[in-house]
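Structural overview
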Amino acid sequence: MSHPHPELTAPGPLAKNGVRVVALGGLGEVGRNMAVVEYAGKLLIIDCGVLFPEDEHPGVDLILPDFEYLEGRWDDIVAIVLTHGHEDHIGAVPYLLRRKGDIPLIGSQLTLALIEAKLKEHRIKPFTLGVKEGDRETFGPFDCEFIAVNHSIPDALAVFVRTPGGTLLHTGDFKMDQVPLDNRITDLRAFARVGEEGVDLFMTDSTNAEMPGFTTAERNIAPAIERVFHRGERRIIVACFSSHVHRVQQVLDAAEESGRKVAMVGRSMIRNMGIAADLGYLRVPDGVLVDLGRLAQLPDDQQVLICTGSQGEPMAALSRMANRDHKIDVGEGDTVLMASSLIPGNENAVYRVINGLTRLGAKVVHKGNAMVHVSGHASAGELLYCYNIVRPKNVMPVHGEWRHLVANGDLAIATGVPAENVILAEDGVVVDLIDGQARIAGAVDVGYIYVDGSSVGGTTEGLLKDRRILRDEGFVTVILVRDASTGKVAAGPEIQTRGFAEDAAVFDKVRPRLEAALEEARQNGVTDTHQLQQVIRRTVGSFVGGKLRRRPMIIPIVIDA
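Residues numbered from 1 in each chain as written. Predicted model: local features only at pLDDT ≥ 70, side-chain atom pairs only at ≥ 80, totals over all residues. Heavy atoms only, no water.

Digging into the sheet that holds strand E24 (residues 489-498)
- Pairing within the open sheet is mixed, and its three strands lie in the order E24-E23-E25. Each edge of the sheet is formed by a strand with only one pairing partner; in this case those strands are E24 and strand E25 (553-560). Taken pair by pair, the neighbouring strands of this sheet meet at an average axis angle of 15°, ignoring direction.
- In the sheet, strand E23 (residues 475-482) pairs with E25 via eight bridges, with the strands oriented parallel. Its bridge partner being in E25, Phe 475 is matched across the sheet by Met 553.
- On top of the sheet, helix H14 (residues 511-523) reaches E23 and E24; it is set at about 135° to E24, its chief contact.
- Contacts from helix H15 (residues 529-548) reach E23 and E25, with the element oriented near 140° to E25. (Pairing = 2+ DSSP bridges. Helix = DSSP H or I, 4+ residues; strand = E, 2+ residues; numbered from the N terminus. Axes fitted to C-alpha atoms, helices over the stretch in contact; angles between N-to-C directions. Contact = heavy atoms within 4.5 Å.)

The structure is reproduced here in structure tokens:
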């Protein structure tokens, strides 16, 4: 396998008739999926998604791909192909279109409806082209054919890209459910057909590459959901992704069968399911769906709520219910069904919500104690089938953490792809396809772009480090008044702290050291305010680190009087 290395330099010019692929997100992480394909000076973008922040990103709302690679080349972009409507594939589109608003968006009917609703909130009216499986469209030098794939959202597509310099097949997110709820299976015949034509580079979903066998069919979880509805004593509250049309369909069907009414909670849930119902992807049984006010008037054992928050998001409806910060009071006898799997990094947040709901008396049913969710991604057995059907010349695993990419690469090798033709790349690594051979050609700088309130890109790693220190270590403020004429200490130092378990009196011991250090600095001719602040930081920091085993933020304030 080819591994990226920190010493990779910037790539040289793309060879004539070569194809270049640069992932600006989605490699080594689950989220921010975005690949840039280049041929003959033109660029085709496949997906443009967001990554959701973790604990090390306090205050951050979303994380975007780094668009710096595209600077100066906005006019070279011929289209953005969107494989499906999940946030980690479409969520960053509004921020990209702020840079150039007339880039065509290409996708299936549901995908485009979801992104158009999102763009409306950003006051952006895009140019869109709807496609479906079997369609073939040309964008600049890129001849794109769209192939049906099955996923946890309807209308997902793979894309086969033909260029004079070579071909690539990008699966997007997919699995091979043979009895899907919408009867739309992954088109393996099309995979075989393009395989016969020749796939020079196969970019395939890696998320479940470590999982043996085949991903469980969506239909197989229906009995578990039905049991929840039959055994539920009072209200049933279902938490799932606001885009999981199939899961919502199963809940609506179970509610109809058990004589319950359903209300949806949360703006994104109401919006997305409204779009899905209007387009015919969601079948709403007559009389089952009501508004929240009408639902509240019914007996508890006839109520079902569908809400967001299955990942423990602090502002989502379910988290607020667990914290008793929502108009819906969860209590004894209620059943909460968390119909999703854990996204890596969200485990602690989800368990906090489960514990909070359990403490309130609710019975919480989740993937850990019942089969109430299945993945939307192909497991190892399905990936092996795909490699044997497509028979690609080169493989570039995408969409996954490093362990997923490695496992997917191993599967490719097991089916006969030469190890040197399996390209393991991280975000920013440049892969060139020349004369049918894929090779790492260098790397470009890519980083996290943070959406922080109204700021996009203004939040730096230094700022996040300060926030983490404030959160984890507390802070110490040292206020000093200096005689402007003599440079001697006129008042203070006064020490104030926040976030310390120790009594403030413990800092009495550092004052003599601090006064001695300041006097020594004065005698050595140190008069600059910044230098004095550094003296204070070093002295207090040394004391706190040695005595209290802490590394707080130290804020010195020097006032001349």
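So, the side chain of Lys 100
- Here Lys 100 shows up in the loop between helix H2 (93-97) and strand E6 (105-107).
- Judged by relative accessible area, which is 17%, Lys 100 ranks as buried.
- In this structure the side chain of Lys 100 is engaged in a polar contact, spanning 2.5 Å, whose partner is the side chain of Asp 102. (Buried < 20%, exposed > 50% of the residue type's maximum accessible area, 1.4 Å probe, protein only. Polar contact = N/O pair within 3.5 Å; in protein donor to acceptor, adjacent residues only side chain to side chain.)

Overview of the UniProt feature "binding site: substrate" (unreviewed entry) in the protein
- This chain's UniProt record puts "binding site: substrate" (unreviewed entry) on Ser 242, Ser 243, His 244, His 373, Val 374, Ser 375, Gly 376 and His 377.
- Among the residues examined, His 373 registers a relative accessible area of 5% and is labelled buried.
- Apart from residues no more than four positions distant in its own chain, His 373 is found in contact with Ile 221, His 244, Arg 247, Ala 339, Ser 340, Ser 341 and Lys 367.
- Polar side-chain contacts of His 373 include one of 3.1 Å to the side chain of Arg 247.
- Here Gly 376 shows up in the loop between strand E17 (363-365) and helix H11 (380-390).
- Excluding its chain neighbours within four sequence positions, the residues that come into contact with Gly 376 are His 151, Ser 152, Phe 174 and Lys 175. (UniProt positions renumbered as here; feature names shortened; annotations may be inferred.)

Digging into H11
- Those residues of H11 not exposed but buried are Ala 380, Gly 381, Glu 382, Leu 383, Cys 386, Tyr 387 and Val 390.
- For H11, the secondary structure elements touched by its buried residues are strand E11 (166-170), helix H4 (188-197), strand E12 (201-205), strand E18 (394-398) and helix H12 (402-414).
- One or two residues past the end of H11 sits Arg 391, with phi positive at roughly 50°.

Here we look at the pattern of salt bridges
- Taken as a whole, this structure holds 27 salt bridges when the rule is applied.
- Arg 283 is paired through a salt bridge with Glu 256; the nearest N and O atoms lie 3.7 Å apart. A residue pair is termed long-range when its members are at least 10 positions apart, and Arg 283 in the loop between helix H7 (267-278) and helix H8 (292-296) and Glu 256 in helix H6 (residues 245-258) qualify at 27 residues.
- Here Arg 283 falls in the partly exposed class, since its relative accessible area comes to 45%.
- Its relative accessible area of 41% is what places Glu 256 among the partly exposed residues.
- Among the charged side chains, a network of salt bridges with common partners joins Glu 145, Arg 162, Arg 193 and Glu 197. (Salt bridge = Lys/Arg side-chain N within 4 Å of Asp/Glu carboxyl O.)

A word on the pairing of E18
- In terms of burial, E18 is a largely internal element, five of the five residues being buried.
- A two-sided burial pattern is seen for E18, the buried positions comprising Asn 394, Met 396 and Val 398 on one face and Val 395 and Pro 397 on the other.
- Pairing analysis gives five bridges linking E12 to E18, with the strands arranged parallel. Of the residues in E18, the one forming a bridge with Asp 205 is Val 398.

Comments concerning the domain arrangement of the protein
- Segmentation of the protein into domains returns domain 1 (19-213 + 375-452), domain 2 (218-365) and domain 3 (474-560).
- Here domain 1 and domain 2 have C-alpha centroids that lie 31 Å from each other.
- Opposite the 23 residues of domain 1 that make contact, domain 2 presents 16 residues.
- Inspection of the region where domain 1 meets domain 2 yields three salt bridges.
- Across the pair Arg 267 and Glu 121 runs a salt bridge, and its minimum N-O distance is 2.7 Å.
- Our enumeration of links across domain 1 and domain 2 arrives at 11 residue pairs in polar contact (both at pLDDT 80 or more). (Domains from an automatic or database assignment.)

A word on the sheet that holds strand E5 (residues 77-81)
- A sheet is described by the order of its strands in space; here eight strands give the open sequence E7-E6-E5-E3-E2-E1-E19-E20, paired in mixed fashion. A single partner strand is all that each edge strand has here, and the edge strands are strand E7 (128-130) and strand E20 (437-443). The average angle at which neighbouring strand axes cross in this sheet is 25°, direction not considered.
- When strand E3 (residues 42-46) meets E5, the two strands line up parallel, connected through four bridges. Bridge pairing in E5 links Ile 46 to Val 81.
- Packed onto the sheet, helix H3 (residues 109-121) meets E6 and E7 and runs at close to 140° relative to E6.

Let's talk about the nonpolar core
- If you look at the biggest cluster of nonpolar residues, it comprises 38 residues, and the most contacted ones within it are Leu 70 and Leu 96.
- Of all the secondary-structure elements, those providing two or more residues to this core are strand E1 (19-25), strand E2 (34-39), E3, strand E4 (62-64), E5, H2 and H3.
- Of the residues forming this core, the biggest block, seven residues, is contributed by H3.
- If near-sequence neighbours (up to four positions away) are discounted, Leu 96 is found in contact with Met 34, Ile 45, Cys 48, Phe 67, Leu 70, Trp 74 and Ile 80.
- One finds Ala 35, Leu 157, Leu 201 and Ala 425 within the second-largest nonpolar core, a separate group that totals 34 residues. (Core = buried A, V, L, I, M, F, W, Y, C linked by side-chain atoms within 4.5 Å.)

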